[in-house]
Amino acid sequence: MANIIRGVFAIFWVVATGFLGFLAYIVLQTESNPQMLWAWLVMCAFTFVSATFLAYVIIFGHHERDIDPHHHSQLNKA
């Protein structure tokens, strides 16, 4: 089940990246106002970074971390 979810988010990232690239291309071709052009490009960049971070967390977030006894001392109390 976890592999299916990771696969779905990988596909989501590929589709989102393609759409944002297409959107940036269309905006570069049609927008004549430089302020609006930069606003669209910044919005595309923020959306790409957000989608990439979400996909990274979902796909690679399953790796186990070493348990540090200092930070989990409440678990070791008898």
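Residues numbered from 1 in each chain as written. Predicted model: local features only at pLDDT ≥ 70, side-chain atom pairs only at ≥ 80, totals over all residues. Heavy atoms only, no water.

**With respect to a nonpolar patch on the surface**
Our working rule: Each patch is built from salt-bridge-free residues with over 30% relative accessible area, joining like charges within 9 Å and nonpolar side chains (Val, Leu, Ile, Met, Phe, Trp, Tyr) within 5 Å. For every accessible area listed, the method is Shrake-Rupley and the probe measures 1.4 Å; residues are considered covered only by the protein chains on display. The working definition used for a salt bridge is a side-chain nitrogen of Lys or Arg within 4 Å of a carboxyl oxygen of Asp or Glu. Each helix is a run of H or I in the DSSP string that is no shorter than four residues. Each strand is a run of E no shorter than two, and both are numbered from the N terminus.
Taken together, M1, I4, I5 and V8 make up a surface patch of nonpolar side chains, about 440 Å² in accessible area. By the element assignment, V8 lies in helix α1 (residues 2–30).

**Examining the environment of L23**
Spelled out, the test is: A contact between two residues is defined here by any heavy atoms of the two lying within 4.5 Å.
By the secondary structure assignment, L23 is in helix α1. Remark: the alpha-carbon pair of L23 and W40, spanning 17 residues in sequence, is separated by 8.8 Å. Each residue touching L23, except ones within four places of it in the same chain, is listed here: W40, M43 and C44.

**Overview of α1**
To be explicit about the condition: Given a helix with a known number of residues, its expected span is that number minus one, times 1.5 Å. Partly exposed describes any residue whose relative accessible area lies between the buried limit of under 20% and the exposed limit of over 50%, with all areas from a 1.4 Å probe on protein chains only and scaled to the type maximum.
The end-to-end C-alpha distance of α1, which contains 29 residues, comes to 42 Å, matching closely the 42 Å that a straight helix rising 1.5 Å per residue would cover. Taken residue by residue, α1 has R6, A16, L20, L23, A24 and V27 as its buried positions. On its buried face, α1 is in contact with α2 (34–60).

**Regarding the nonpolar core**
The test is simple: By convention a nonpolar core is built from buried Ala, Val, Leu, Ile, Met, Phe, Trp, Tyr and Cys residues, the set being connected through side-chain atoms within 4.5 Å.
Formed by L20, L23, A24, V27, L37 and C44, the largest nonpolar core amounts to six residues. Elements that contribute at least two residues to this core include exactly α1 and α2. For this core, the leading source of residues is α1, giving four residues. Beyond its immediate sequence surroundings of up to four residues, A24 is in contact with L41 and C44.

**Concerning the packing of aromatic side chains**
In plain terms, the rule: For Phe, Tyr and Trp, rings pair up if their centres lie within 6.5 Å, where Trp contributes its six-membered ring, and each pair is then called stacked (planes under 30 degrees apart), edge-to-face (over 60) or tilted (otherwise).
If you walk through the whole model with that rule in mind, you get three aromatic pairs. Consider the rings of Y56 and F60, whose centres lie 5.5 Å apart with planes at 45°: the pair is tilted. One end of the pair is Y56 and the other is F60, both in helix α2 and four residues apart, which spans about a single turn. Judged by relative accessible area, which is 45%, F60 ranks as partly exposed.

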